[in-house]
Amino acid sequence: DDGAGCREVIKGKNTFRPSFPASSPYVTTVGGTSFKNPFQVTREVTDYISGGGFSNVFAMPDYQVSAVSRYLQSTPDLPPADYYNRSGRAYPDVAALSDNYWVVTNRIPIPWVSGTSASTPVFGGVLALINDYRMQKGLSPLGFLNPAIYRIQGNSSQALYDVTEGCHLSCIDDHVLGRGFCASPSWDPVTGWGTPNFPELLKALML
């Protein structure tokens, strides 16, 4: 929930601060979105807290090289190069709504709950449903999802709704002015490939 994050290297010099375990290449990382109009079910835009960026520890895995390279080469207004490691594992992989949930605890409704701690179990629930369908058909559970997601979306699948509007937060300094990365068509380091289109995602992952 820290956007691109921020770390002071020396006085007056900052870099983005990737999160762990979100930046691990061995997990499926879920970013966050909001409705354009928070009081209606409208199109989704980025949630400014959505974590994303590039690992300083893990190298970029093969399954995402093509998608991430396309983003880095085609996005005109990237943050300064010394703020992030463009050869590191990039995240998130996907996203889901992370804003304005109602949560009921001990029969008491709690409004306006937000964060990727909401979007992550939503996407996990979608995958659990798909695993259920697969097992009913005698298929194995999905297992590690990332290579399949990048392969499916790289072929212009409609399994995920592309979120192309908005940026997330980062360092409050004179160079980036609190802005990290911004969403773009296809994969981006704010919402990944986008949010689940369940019927199409189910179809794509039943093969």
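Note that the structure is a prediction, hence the values are computed from the model and not measured. In this numbering scheme, every chain counts its residues from 1 along its sequence in written order. Residue-level local features of this predicted model are given only where pLDDT is at least 70; pairs of side-chain atoms are given and counted only at 80 or more, and the full residue set underlies all totals for whole chains, interfaces and linings. Hydrogen atoms and water are omitted, and side-chain values are computed over all heavy atoms in the structure.

Caption draft 1: Looking closely at the overall build of the chain. Here a strand is any run of E in DSSP of at least two residues, a helix any run of H or I of at least four, and the numbering for each starts at the N terminus. Secondary structure assignment for the chain yields four helices and 13 strands. Values of the radius of gyration come from C-alpha atoms, whereas the globule rule sets the reference at 2.2 Å times the count of residues to the power 0.38. Relative to the 2.2 N^0.38 estimate, which gives 17 Å for 207 residues, the radius of gyration of the chain is 17 Å and therefore close to what a compact globule would have. Once the C-alpha set of the chain is aligned to its principal axes, its extents read approximately 55 × 45 × 25 Å. For the exposure calls, accessible area comes from a 1.4 Å probe over protein chains only, and a residue counts as buried if that area is under 20% of its type's maximum, exposed if over 50%, partly exposed in between. Looking at the chain residue by residue over its 207 residues, the buried ones come to 44%. Any two residues whose heavy atoms approach within 4.5 Å at even a single point are treated as in contact. Of the contacts made within the chain by residues no fewer than 6 positions apart, 70% connect residues no fewer than 24 positions apart. Entry remark: accessible area of the chain is about 10,900 Å², with carbon and sulfur atoms responsible for 57%. For every accessible area listed, the method is Shrake-Rupley and the probe measures 1.4 Å; residues are considered covered only by the protein chains on display.

Caption draft 2: Here's a closer look at the side chain of Asn14. By the secondary structure assignment, Asn14 is in strand β2 (residues 13-15). With relative accessibility at 13%, the residue Asn14 sits in the buried group. Setting aside chain neighbours within four positions, we find Asn14 in contact with Cys6, Arg7, Glu8, Val9, Tyr83, Cys171 and Asp173.

Caption draft 3: Seen up close, unusual backbone geometry. Note that the residue after Phe20, namely Pro21, is joined by a cis bond; omega there is 10°. One can find Pro21 in the loop between β2 and β3 (30-35). In this chain, Tyr91 is followed by Pro92 through a cis amide linkage whose omega measures 5°. The backbone of Asn106 sits at a positive phi, close to 50°, despite the residue not being glycine. Among the secondary structure elements, Asn106 is positioned in the loop between β8 (101-105) and β9 (108-113). Taking relative accessible area as the criterion, Asn106 reaches 71% and is therefore assigned exposed.

Caption draft 4: Main features of the state of the cysteines. Whenever a pair of cysteine sulfur atoms sits within 2.5 Å, that pair is classed as a disulfide. For the structure on display, the rule yields two disulfides. Across the disulfide, Cys6 is cross-linked to Cys171 (sulfur-sulfur distance 2.2 Å). Between Cys6 and Cys171, the S-S dihedral sits near 110°, and the bridge is therefore right-handed. Separated by 165 residues along the polypeptide, Cys6 in the segment before β1 (7-10) and Cys171 in the loop between β11 (167-169) and β12 (179-182) bring together distant segments of the chain. By relative accessible area, which is 36% here, Cys6 ends up partly exposed. For Cys171, a relative accessible area of 0% gives the class buried. A disulfide bridge connects Cys167 with Cys182, and the sulfur atoms are separated by 1.9 Å. Its S-S torsion of about 95° marks the bond between Cys167 and Cys182 as right-handed, since a negative value means left-handed.

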